[in-house]
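As a plain string of letters, each chain reads:
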Amino acid sequence: MEYKNILIIKMGALGDIIMSTPAFRAIKKSFPSAKITILTGRSVKDAVKGNPDIDRVIEVDDFVFFKGSLPAKLSMVSGLVRLFRAGRFDAAAIFHRDWRYALLAMLGGIPVRAGFERSAVAKPFLTRGVKISGRAHHSNQYLQVARLLGAVEDGLDADFFIE
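Residues numbered from 1 in each chain as written. Predicted model: local features only at pLDDT ≥ 70, side-chain atom pairs only at ≥ 80, totals over all residues. Heavy atoms only, no water.

**Re the overall build of the protein**
Selection rule: Secondary structure elements follow DSSP: runs of H or I of four or more residues count as helices, runs of E of two or more count as strands, with numbering from the N terminus. Restricting the calculation to C-alpha atoms gives the radius of gyration, and the globule rule supplies 2.2 Å times the number of residues raised to the power 0.38. Three exposure classes are used, based on accessible area relative to the maximum for each residue type with a 1.4 Å probe and protein chains only: buried under 20%, partly exposed in between, and exposed over 50%. The Shrake-Rupley method, run with a 1.4 Å probe, gives the accessible areas here. Residue values count only the displayed protein chains as cover. We score Asp and Glu as negative and Lys and Arg as positive, and we do not count His or the chain ends. A charged residue contributes its charge at one atom only: NZ of Lys, CZ of Arg, CG of Asp or CD of Glu.
Broken down by element type, the protein carries 6 helices and 6 strands. Ordered by position in the sequence, the α and β elements of the protein form the string β-α-β-α-β-α-α-β-α-β-β-α. Computed over its C-alpha atoms, the radius of gyration of the protein comes to 14 Å, within 12% of the 15 Å expected for a compact globule of 163 residues. Principal-axis analysis of the C-alpha atoms gives the protein an extent of 45 × 40 × 35 Å. For the protein, with 163 residues in total, the buried portion stands at 47%. Surface summary for the protein: the accessible area is close to 8000 Å², and the carbon and sulfur share equals 56%. Across the protein, the mean location of the 24 positive side-chain charges is 8 Å away from that of the 16 negative side-chain charges.

Given below as structure tokens:
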């Protein structure tokens, strides 16, 4: 399948962002004409801004997203749902184990949602899921999600670009 507009959801933790870069690269190389957008936290946005495999960065306030009040979180989520719907994404690669990220992508109207099938709760929100072994390196786990979209990896080298 050929995608035109792919969303990657990877909120934070600098090390996890860096370990995700082989999957970013695999997605971009496998779908070179697709626009690749990443949803990430403000605390790590600089780690993805200069990455040539990412075309657009949507940043959110990490503090509000993770520790904010319920009204603040609901406001942010409703804004993201509207943004996702307006962006008309073909697919989402969800690099989080928490089922709520898959729910967010589903509410955003994204038809293909690939991610970690960690629990029965996540299953209804994903269209393609992978069960992961706790022993697999995080880079390999993220690549497994990318493969669900049809991406072909080109190695495990991590990328870090500074603008």
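**Describing the pattern of salt bridges**
Worth spelling out the cut-off: In what follows, salt bridge is the name for a side-chain nitrogen of Lys or Arg lying within 4 Å of a carboxyl oxygen of Asp or Glu.
Considering all chains together, one arrives at 11 salt bridges under this definition. For Arg25, the salt bridge identified is with Asp159, shortest N-O distance 2.5 Å. With a gap of 134 residues between them, Arg25 in helix α1 (residues 14-30) and Asp159 in the segment after α6 (138-148) connect regions that are remote in the sequence. Residue Arg25 is classed as buried on the basis of its relative accessible area, which comes to 8%.

**What to know about the side chain of Asn5**
Under the convention used in this document: Pairing of N or O atoms within 3.5 Å defines a polar contact, subject to two protein rules: one partner must be a possible hydrogen donor and the other a possible acceptor, and residues neighboring in sequence count only if both atoms are side-chain atoms. Residues count as neighbours in contact if any of their non-hydrogen atoms are within 4.5 Å of one another.
In this structure, Asn5 sits in strand β1 (residues 5-9). On the basis of relative accessibility, which here comes to 14%, the residue Asn5 falls in the buried class. Of the polar contacts made by the side chain of Asn5, one reaches the backbone oxygen of Gly87; its length is 2.5 Å. Excluding its chain neighbours within four sequence positions, the residues that come into contact with Asn5 are Ala34, Lys35, Thr37, Gly87, Arg88, Phe89, Asp90 and Ala91.

**Notes on the pairing of strand β4 (residues 91-94)**
Note the cut-off: Strand pairing is assigned whenever DSSP detects at least two bridges linking the two strands. Here is how to tell: hold the view so the strands point away, follow the path from the first strand over the helix to the second, and if it runs clockwise the crossover is right-handed.
Of the two faces of β4, both are covered, the one formed by Ala91 and Ala93 as well as the one formed by Ala92 and Ile94. Relative to β4, β1 is paired through 4 bridges, and the arrangement is parallel. The partner of Ile8 across the bridge, within β4, is Ala93. Pairing between β4 and strand β5 (residues 112-116): 3 bridges, direction parallel. Bridging across to β5, Ala93 finds its partner in Ala114. Handedness of the crossover is the feature at issue here: the chain leaves β4, passes through helix α5 (residues 99-107), returns alongside β5, and the resulting connection is right-handed.

**A short note on the sheet that holds β5**
In any sheet, the strands associate via hydrogen bonds between backbone groups, in a parallel or an antiparallel arrangement. Inclusion rule: Inter-axis angles, ranging from 0 to 180 degrees, are taken between N-to-C directions of lines fitted to C-alpha atoms, where helices are fitted over the stretch in contact.
Reading across from one edge, β3-β2-β1-β4-β5-β6 is the order of the 6 strands in this open sheet, with parallel pairing throughout. In this open sheet, the two edge strands, each paired with only one partner strand, are β3 (56-60) and β6 (128-130). Neighbour to neighbour, the strand axes of the sheet diverge by 15 degrees on average, direction disregarded. The strands touched by α5 are β1, β2 (35-41), β4 and β5; relative to β4, the strand with the most contacts, the crossing angle is about 170 degrees. Packing of α6 onto the sheet brings it into contact with β4, β5 and β6, and relative to β5 it is tilted by some 155 degrees.

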